[in-house]
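Understanding the architecture of this molecule
Read off the chains here:
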Amino acid sequence: ESRSPEEFLRSRDYLLLVGYALLVWGFALWFNRTLTTHETIGCINILEMMSSGDWIIPQNGGRPWLERPPLPFWLSMPLVYWLGVVPLAFRLTPLLVALPCVLLVAWFAARCFGRTVGLLSGLMLITLREFSHYATAPECDMFLCAVVTLALILFAHLEFFQRRPSAKAESSSFIGPRPWGVLGFFVLLGSTNVVKGLFF
């Protein structure tokens, strides 16, 4: 079913969502709340990774810390390097990961149900308590949320919006007549293991 252009989100809608997210989440960035002991574990992992030069195995107190895989730490290190060891540096990376989640959910909801539902979906996601908390918490949860959101939206796009190849279509691709997005879906699914670990 094709939708009219008026039903899709516009550029100003995305700007509205980004502005509202920064307004809602911004207080946590500038209000210098002390990090909890649970939150500081990831910060210590980042600092030890940077000081030791071992970017593969996170450490805590000089010992391997295998509870958290390294991808969130890799993404956080540039901001810690540029801004210094301050809470803002550790809080900003999850926020930058949370913003695309909001925009993707709003885009997909608008694609399925129209512009109004898309906007409301994005606005509601911004204000959900758990999402709002982890959007500025230096933990791995928002990174996992981003990977799962991407994987689910890619799956739904392939299932409902991608034109299916004919059964007789020939392809020289090693994945056959399937679209490359199928491979992307499994790559995203596998990448959850470098974000939060096998048991999460």
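Structure: see above.
So, here is what we can say about the structure in this document. (Residues numbered from 1 in each chain as written. Predicted model: local features only at pLDDT ≥ 70, side-chain atom pairs only at ≥ 80, totals over all residues. Heavy atoms only, no water.)

1. Examining the packing of helix 1 (residues 11-30) against helix 4 (residues 87-113)
Filter applied, for reference: What counts as an axis is a line fitted to C-alpha atoms, over the stretch in contact for a helix, and the angles between N-to-C directions run from 0 to 180 degrees. We count a stretch as a helix when DSSP gives it H or I for four or more residues in a row; a strand needs E for two or more, and each element gets its number in order from the N terminus. Note on angle classes: values under 35 degrees are labelled roughly parallel, values over 145 roughly antiparallel, values of 65 to 115 roughly perpendicular, and the remainder oblique. Handedness of a crossing follows from how the near helix is turned relative to the far one, being left-handed for an anticlockwise turn of less than a right angle and right-handed for a clockwise one. In what follows, residue pairs with any heavy atoms lying within 4.5 Å of each other are defined as contacts. Residues are sorted three ways: Asp, Glu, Lys and Arg are charged, Ala, Val, Leu, Ile, Met, Phe, Trp, Tyr, Cys and Pro are nonpolar, and all the rest, Gly among them, are polar.
Viewed as axis vectors pointing N to C, helix 1 and helix 4 meet at an angle of 155°, and their least axial separation amounts to 10 Å. One way to sum up the angle between helix 1 and helix 4 is to call them roughly antiparallel. Where helix 1 crosses over helix 4, the handedness of that crossing is right-handed. Of the residues in helix 4, those in contact with Tyr14, Leu17, Val18, Ala21, Leu22, Trp25, Ala28, Leu29 and Trp30 of helix 1 are Leu88, Arg91, Leu92, Leu95, Ala98, Leu99, Val102, Leu103, Ala106 and Trp107. Of the residues contributing to the contact of helix 1 with helix 4, the split by class is 18 nonpolar, no polar and one charged.

2. Examining empty space enclosed by the protein
Worth spelling out the cut-off: Cavity means a closed set of points on a 1 Å grid over the protein atoms alone, one where a 1.4 Å probe fits but cannot get out, pocket means an open set with protein on both sides within 12 Å along at least 5 of 7 lines, and lining means a residue has an atom within 4 Å of a point. Grid points are joined across faces, edges and corners, and a volume is the space filled by probe spheres set on the points.
Following the criterion strictly, the structure yields one cavity of 30 Å³ or more and no others. Considered as a void within the structure, the largest cavity measures approximately 150 Å³ in volume. Lining the largest cavity are 17 residues, and of these Gly42, Phe73, Pro138, Glu139 and Cys140 sit closest to its centre. Per-element accounting of the lining of the largest cavity gives the leading share, five residues, to helix 2 (residues 37-52). Among the residues making up the lining of the largest cavity, the classes are represented as 10 nonpolar, four polar and three charged.

3. Description of the packing of aromatic side chains
Threshold: Here a Phe, Tyr or Trp ring, Trp counted by its six-membered ring, pairs with any other such ring whose centre lies within 6.5 Å, and the pair is stacked when the planes are under 30 degrees apart, edge-to-face when over 60, and tilted otherwise. The classification of residues rests on relative accessible area computed with a 1.4 Å probe and restricted to protein chains. Under 20% of the type maximum is buried, over 50% is exposed, and intermediate values are partly exposed.
One pass over the structure, following the stated rule, counts four aromatic pairs. Ring geometry for Trp107 versus Phe108: centroids 6.1 Å apart, planes at 50°, classification tilted. Given a relative accessible area of 29%, Trp107 falls into the partly exposed group. The exposure class assigned to Phe108 is buried, which follows from its relative accessible area of 15%. Between the aromatic rings of Phe155 and Phe185, the centroid separation amounts to 5.6 Å while the plane-to-plane angle is 45°, which identifies the pairing as tilted. Taken together, the residues Phe155 in helix 7 (residues 141-161) and Phe185 in helix 8 (residues 180-191) connect sequence positions 30 residues apart. Of the residues examined, Phe155 reaches a relative accessible area of 43% and is grouped as partly exposed. Members of the aromatic cluster, each reached through a chain of ring pairs, are Phe155, Phe185 and Phe186.

4. Quick notes on the environment of Arg163
As for its placement among the helices and strands, Arg163 is situated in the loop between helix 7 and helix 8. Each C-alpha atom, one on Arg163 and one on Pro179, is 9.3 Å from the other, the two residues being 16 residues apart in sequence.

5. As for the pattern of salt bridges
Basically, it comes down to this: Just to be clear on terms, a salt bridge is a Lys or Arg side-chain nitrogen sitting within 4 Å of an Asp or Glu carboxyl oxygen.
The final tally for this structure, using the stated rule, is two salt bridges. Arg115 is paired through a salt bridge with Asp13; the nearest N and O atoms lie 2.7 Å apart. Of this pair, Arg115 sits in helix 5 (residues 115-127) while Asp13 sits in helix 1, and the two are 102 residues apart along the sequence. Under the relative-accessibility criterion, Arg115 is labelled partly exposed at 22%. A salt bridge links Glu130 to Arg129; its shortest N-O distance comes to 3.4 Å.

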